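# Secondary and tertiary structure notes
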2 protein chains.
Amino acid sequence: MKEGPDIAQIGALIGDPARANMLAALTGGRALTATELAGVGGITVQTASTHLAKLEAGGLLAQRKQGRHRYFTLADEAVARLIESMMGFAAGRGHLRHRPGPKEPALRKARICYDHLAGDYGVRMLDSLIASGSIDAVGDGLALTEKGESDLKCIGIDAGALRSSRRPLCRSCLDWSERRAHLAGSLGKALLSNFLDRGWARRTAESRSILFSPEGDRQFLKLFPIDA
Amino acid sequence: MKEGPDIAQIGALIGDPARANMLAALTGGRALTATELAGVGGITVQTASTHLAKLEAGGLLAQRKQGRHRYFTLADEAVARLIESMMGFAAGRGHLRHRPGPKEPALRKARICYDHLAGDYGVRMLDSLIASGSIDAVGDGLALTEKGESDLKCIGIDAGALRSSRRPLCRSCLDWSERRAHLAGSLGKALLSNFLDRGWARRTAESRSILFSPEGDRQFLKLFPIDA
DNA sequence: GCGATGCTTCGGTTACGATCGAAGTATGAA
DNA sequence: TTCATACTTCGATCGTAACCGAAGCATCGC
């Protein structure tokens, strides 16, 4: 009965709480050192080291040596998608690790998902882009319209350049907190970078949450209105 | 750092080889008894029983008592999608459990994926539907066109009726053997049922593969041509 | 009622892997 | 060179969970 690919291997890799925590932290897109990841996982560096070696051997992580540090990241976007999709699934089943805590509200409002904006703001942005006719939604799929392309140019995003990369321009990503889609892909990444560059928002040190400044908040809500 | 849903729990559930085998077998869509699943997992019934209880407690399985049998199925389509997406991921990383065996070719040609057609034939069918303008593909999304709706009516499928269900009509599902999309959703299910009803193909007892009769093969290839 | 079948629960064994202390390697700083 | 930092490897411990035999329920056929 051994048919098809081996999902048990990956399942087991993700199945350890310490490893799952590390992977979730890396979904934040930032490269982290072994010591930082040990903190995230609640274990010593030695243990973390063996975990990280396993994750790398399993193809989930990539590492980059830099001086005496070793920075770990998710191997590629596919890993990030897998983790996020499992989070979405888990959230739907009520497999929550804890009761809503203090940091939760900020996370639900806006957080980073690999390299793009997620949470309430991420969902709102996509809704608004669809409502304004900048993005076409067909089923699960998303496509940038001509109107969208010219609108984006106004805020300084060149969709044509993004299109040349092998990565899909628009991709929908299921949000585990909102249970609705937000915008991923290279366009999602470009938009978030744009907000950060403008100083509308900034990433936080240890968490995945994105903090908007009062002014950035105002601008964002103006740029992506929601009709009643 | 405990942020978000608990993916470790589901990872661990899928992470055991015996459980992974059972889940993969249930992706075949057929309801299986505990004894059958024990065989699939290569373990005794006692062990299988505890595994199944865990999977049910985790929300991955549903069971239905019928006489002295107990039939297990995946809890819902979301579970099937999760499993298939993990298979796609695993296949992409080369996490294969074994060298291609004797049953492989049949599986690659046509197999069942929860309740719709996958494998080479599944991919071909979707390609053909898109090429003929029956289905619109935008990004990852799929939508049935008016032409598609009337074409389907000719072979006896009422898309309007399917639309009334809560389940999406068209959904793309990544094929782990072909690494390309095939058609899922209620329409995917309806098409496969149609082929089975017509006697073009039949399911096999223990495997996920779908066997086409010579006549069914001819009809299928005629109905879903591929342009050079 | 009886025995047979399908499945679960209990008890005990076993093995694997997560864990950490301690020692070893590499890089940087002084 | 010497010390400090970042990380890995080694070795040993410990817990958990997978596993099966045997016994316990439930349901069917007779």
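Residues numbered from 1 in each chain as written. Chains lettered and ligands numbered in written order. Predicted model: local features only at pLDDT ≥ 70, side-chain atom pairs only at ≥ 80, totals over all residues.

## Quick word on the overall build of chain A
Our working rule: In this description a helix means any DSSP run of H or I spanning at least four residues, a strand means any run of E spanning at least two, and both kinds are numbered starting from the N terminus. Neighbour density around each residue's C-beta defines its exposure: 20 or more other C-beta atoms within 10 Å make it buried, 12 or fewer make it exposed, and counts between make it partly exposed, where C-beta atoms are placed from the backbone.
The number of helices and strands found in chain A is 11 helices and 11 strands. Put simply, chain A has 228 residues, and 43% of those count as buried.

## Considering the environment of Thr 47 of chain A
Locating Thr 47 of chain A in the fold gives a position in helix α4 (residues 45-57). Separated by 18 residues in sequence, Thr 47 of chain A and Lys 65 of chain A have C-alpha atoms that sit 19 Å apart.

## Points about the protein's contact with DNA strand C
The following threshold applies: Each residue receives a C-beta atom built from its backbone; the residue is near a molecule or strand if that atom lies within 6 Å of it. Side-chain classes are defined by residue name, with Ala, Val, Leu, Ile, Met, Phe, Trp, Tyr, Cys and Pro counting as nonpolar, Asp, Glu, Lys and Arg as charged, and the others, Gly among them, as polar.
Lining the immediate surroundings of DNA strand C are 22 residues, of which Gly 67 of chain A together with Thr 33, Thr 35, Gln 46 and Ser 49 of chain B lie closest. Elements that contribute at least two residues to the surface near DNA strand C include exactly α4 of chain A together with α3 (34-41), α4 (45-57) and β3 (69-74) of chain B. Counting residues per element, the surface near DNA strand C draws most heavily on α4 of chain B, at 6 residues. Residue composition of the surface near DNA strand C, by class: 6 nonpolar, 12 polar and 4 charged.

## Quick word on the confidence of the model for chain A
Residue and element names in this part refer to chain A. As a reminder, the rule being used: pLDDT is a per-residue confidence score from the predictor, ranging from 0 to 100. Residues are defined as contacting one another if the C-beta atoms placed from their backbone atoms lie within 7 Å.
Of the residues in chain A, 91% reach a pLDDT of 70 or more, and the chain-wide mean stands at 86. Every residue in residues 98-102 is under pLDDT 50, and counting partners more than four places away or in other chains gives 1 contact. The ipTM for the predicted assembly is 0.79, set against a pTM of 0.79.

## Quick word on the domain arrangement of chain A
Residues and elements named next belong to chain A. Inclusion rule: For the purposes of this description, domain bounds are those given by an automatic or database domain assignment.
Looking at the assigned domains, one finds that chain A contains domain 1 (7-75) and domain 2 (80-223). Here domain 1 and domain 2 have C-alpha centroids that lie 24 Å from each other. Taken together, the contact between domain 1 and domain 2 spans 7 residues of the former and 9 residues of the latter. Its residues placed into classes, the side of domain 1 that touches domain 2 shows 4 nonpolar, 3 polar and no charged.

## Section: the nonpolar core
Heads up, the condition is: Definition of nonpolar core: a set of buried Ala, Val, Leu, Ile, Met, Phe, Trp, Tyr and Cys residues joined via C-beta atoms within 7 Å.
Ranked by size, the top nonpolar core spans 119 residues in total, and within it Ile 7 of chain A together with Ile 7 and Leu 37 of chain B carry the most contacts. Discounting residues that sit within four places of it in the chain, Ile 7 of chain A has contacts with Ile 14, Ala 20, Ala 24, Ile 83, Met 86, Met 87 and Ala 90 of chain B.

## A word on the protein's contact with DNA strand D
Contacts to DNA strand D come from 20 residues, most closely from Thr 33, Thr 35, Gln 46 and Ser 49 of chain A together with Gly 67 of chain B. Among the secondary structure elements, those contributing two or more residues to the surface near DNA strand D are α3 (34-41), α4 and β3 (69-74) of chain A together with α4 of chain B. Per element, the largest residue contribution to the surface near DNA strand D is 6 residues, and it comes from α4 of chain A. Residues of the surface near DNA strand D, tallied by class, amount to 6 nonpolar, 10 polar and 4 charged.

## Section: unusual backbone geometry
Residues and elements named next belong to chain A. Although it is not a glycine, Tyr 114 adopts a positive phi angle of roughly 65°. Take Tyr 114: it is sitting in the loop between β4 (111-113) and β5 (116-118). The class of Tyr 114 is buried, set by 23 C-beta atoms lying within 10 Å.

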